[in-house]
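# A look at the structure
Here is how the chains run, residue by residue.
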Amino acid sequence: MTHGYQHVPQHCGGYRSGTDHYGFIEGSADAIRILAGYHKTRKPRPGGHWNSGYTTTEFFIVWLAKNRDLEFLYKLNQTCKTIDPWSWDAACKTILGKGAGVEQLWNEYQWDLKGGGKEAVANFQPDKEMICHGESIQFSNTSFNAPTTYAWTFEGGTPNTSTAKAPVVTYDKPGKFAVSLVAKNAHGETSKSHARKIQVLDRKGTVTNLIGLRGEITLESKTPAIRGEGVGNLIDKNPQSKFCVKERKTRIQYAAPDSYELFSYAITSANDYPGRDPENWTLEGSTDGRKWSEIDRQKDQAFEARHETRRFVVDCKTAYRFYRWNLEAKSEQIFQFAELQILGISGK
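The structure contained in this document is the topic of the report that follows. (Residues numbered from 1 in each chain as written. Predicted model: local features only at pLDDT ≥ 70, side-chain atom pairs only at ≥ 80, totals over all residues. Heavy atoms only, no water.)

## Let's talk about the pattern of salt bridges
Scanning all chains against the criterion turns up 19 salt bridges. Across the pair Arg 33 and Asp 30 runs a salt bridge, and its minimum N-O distance is 2.0 Å. Of the two residues, Arg 33 and Asp 30 both sit in helix 2 (residues 20–35), three residues apart, roughly one turn of that helix. On the basis of relative accessible area, Arg 33 is assigned to the partly exposed category, the value being 31%. Residue Asp 30 is classed as buried on the basis of its relative accessible area of 2%. Across the salt bridge formed by Glu 284 and Arg 324, the nearest N and O atoms sit 2.6 Å from each other. Taken together, the residues Glu 284 in strand 14 (residues 278–286) and Arg 324 in strand 17 (residues 319–329) connect sequence positions 40 residues apart. Judged by relative accessible area, Glu 284 falls into the buried class, the value being 15%. One continuous salt-bridge network, built from bridges that share partners, spans Asp 30, Arg 33, Arg 42 and Glu 58. (Salt bridge = Lys/Arg side-chain N within 4 Å of Asp/Glu carboxyl O. Helix = DSSP H or I, 4+ residues; strand = E, 2+ residues; numbered from the N terminus. Buried < 20%, exposed > 50% of the residue type's maximum accessible area, 1.4 Å probe, protein only.)

## Re the sheet that holds strand 9 (residues 188–201)
Pairing is mixed across the open sheet formed by five strands, whose spatial order is 2-9-8-4-6. Bordering the open sheet on either side are strand 2 (130–132) and strand 6 (161–162), each of which pairs with just one other strand. Where strand 2 and strand 9 come together, three bridges link them in parallel fashion. Within strand 9, the position partnered with Met 130 by the bridge is Gln 199. (Pairing = 2+ DSSP bridges.)

## Notes on the packing of aromatic side chains
Enumeration over the complete set of coordinates arrives at 24 aromatic pairs. Aromatic pair Phe 60 and Tyr 109: ring centres 5.4 Å apart, planes at 45°, arrangement tilted. Remark: Tyr 109 occurs in helix 6 (residues 102–113) and Phe 60 occurs in helix 3 (residues 54–67); sequence separation between them is 49 residues. The class for Phe 60 is buried, based on a relative accessible area of 0%. Take Tyr 109: its relative accessible area is 3%, and that puts it in the buried class. (Phe/Tyr/Trp six-rings, centres within 6.5 Å; stacked < 30°, edge-to-face > 60°.)

Given below as structure tokens:
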């Protein structure tokens, strides 16, 4: 019955495990069952992801309804008619306000499940983690439980300390630097820190995530990707989705809208069998999409965990617009991974 009355979220990965679409469809249907008095033997448990669907997502929605908005589930369904492309983050911000992103709400929910108290819980995220010297970083503050004061410390940064909610910090010297935050309210305080979180390069220019530039990614393969698991999933910024093709060897090309000096790329493993992970590959660059030069070569690589991100730094002084990876899976005649990130430098 619930599925019959659900609206369909648009352009958010399609119905398959790990996507916003899947999490909405199965999570909201199960939330209806819980709120109607069924599934009385089920209990919420820490862990998982808001897109896990069924029991995991259902209790998250129920928690949002009980703690944020009694009409959350109804409003969530309505957002499918107004948000395109749909996402949990956009829907939560539409219903609960711009500051209530899904990751912050999920962190609050997990804290509650683990028996956390009323003390302020420190949490933050930089808009970049790798920059050239002289660049600035905006730190977003996702602390919760109504903090009243903040105390930041920025190793190697200017300013070195701050009490602002969301400070902007400039780094003038190369190196790897730690960041820490203490959030406090009347019930107590907690801290969060990242050792060597910020990497400042000994180079001039601006670090750019090429994936965020609306470039074009294509698959060069005799076999098409598995339905719903196309190559576009590699740049959707959702590690729960993946690219999968029934070939052991494949080639992927990314065309950026401009030319950049590549200095780093990252690959995130997918959700299931490790034998499908990338093991061997070469990375090539081209200025015109016809003549290619090798940038990097990797052999016998292994991903020890699912959804593990591994970063590779390269020494590339030529600005390329086109990049392609010639990839080989570890053991199966099926190849997959979840996310691709490409960082380049422009504006020297």
